[in-house]
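Structural characterization, general
Listed below are the residues making up each chain.
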Amino acid sequence: FSKVSPHLASQIRGGGTAQSLVAVAKGEKIPMLAAVLRVLVSCIYLGSGGTLGMEGPAIQVTTALSTCIGWAIGIRSATTQSLLASLGFSCGFAASFNAPLAGILFTMEELQHVSPRLSRSMICIILLAAIVSTAVLRLWQGNMHLFVLRLGTELEPGLRGGSFDAILGDNMWMLVSVP
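Residues numbered from 1 in each chain as written. Predicted model: local features only at pLDDT ≥ 70, side-chain atom pairs only at ≥ 80, totals over all residues. Heavy atoms only, no water.

Side note on the overall build of the protein
Quick reminder of the rule: Secondary structure elements follow DSSP: runs of H or I no shorter than four residues count as helices, runs of E no shorter than two count as strands, and numbering proceeds from the N terminus. When accessible area is computed with a 1.4 Å probe and restricted to protein chains, residues below 20% of their type maximum are described as buried, those above 50% as exposed, and intermediate ones as partly exposed. Only heavy atoms matter for contacts: two residues are in contact if any of them lie within 4.5 Å across the pair.
Helices and strands together make up the secondary structure of the protein, namely nine helices and zero strands. Counting helices and strands in the order they occur from the N terminus, the protein gives α-α-α-α-α-α-α-α-α. When the 179 residues of the protein are sorted by exposure, 31% land in the buried category. Sequence-distant contacts, at least 24 apart, represent 66% of the contacts inside the protein between residues at least 6 apart.

Right under this line is the structure:
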């Protein structure tokens, strides 16, 4: 890290989530070079047997993308950069953990410092972004379950027809868009 600037070195040091939280809190842009270096460093780290996951780097890269796009089109105030960083964080969080509701709730929690009241349109944009990012991940990698409920054969007849999962299958998560 001695060959890069101190700001860039701080962006690629650690997991990436803390840098994204700072971008949300301060409304700062994460440089695109930091996102590229984060991908390279993470590939080298994981390829050499590192034990940490890709969640932190994915969150930092999506946050960097959202803030850099906003910066490029002229959205440069700290408040709107904070909103864009939150949007990127929500997408990265939702896709990384395969949990769109977690991304939405986390973003709404982090946005409380920016605005005491979130507008309906802001919530809809965050909701849509988290669902789309999770849907894209599931299209690429499939819907992987961490915990699969295995019931004994004696319980199955009593549960037939009453389960949302039996009705909707792997698309049950789409029900979050109904409200």
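So, the confidence of the model for the protein
Quick note on the threshold: Residue-level confidence of the predictor is what pLDDT reports, using numbers from 0 through 100.
The predicted model of the protein averages 80 in pLDDT, with 77% of residues at 70 or higher. No element of the protein has a lower mean pLDDT than helix H8 (residues 156-159), at 53, and none a higher one than helix H4 (residues 55-72), at 92.

Brief notes about the packing of aromatic side chains
Test applied: Paired rings are identified among Phe, Tyr and Trp, the last through its six-membered ring, by centres lying within 6.5 Å, and are further divided according to the angle between planes into stacked (under 30 degrees), edge-to-face (over 60) and tilted (the rest).
Applying the stated criterion across every chain yields a total of four aromatic pairs. Between the aromatic rings of phenylalanine 93 and phenylalanine 106, the centroid separation amounts to 5.3 Å while the plane-to-plane angle is 5 degrees, which identifies the pairing as stacked. Of this pair, phenylalanine 93 sits in helix H5 (residues 78-97) while phenylalanine 106 sits in helix H6 (residues 100-110); the two residues are 13 residues apart in sequence, bridging distant segments of the chain. Side by side, phenylalanine 93 and phenylalanine 106 carry an identical accessibility label, which is buried. In textbook terms, an aromatic cluster arises when at least three aromatic residues are bridged by ring pairs, as seen for Phe89, Phe93, Phe97 and Phe106.

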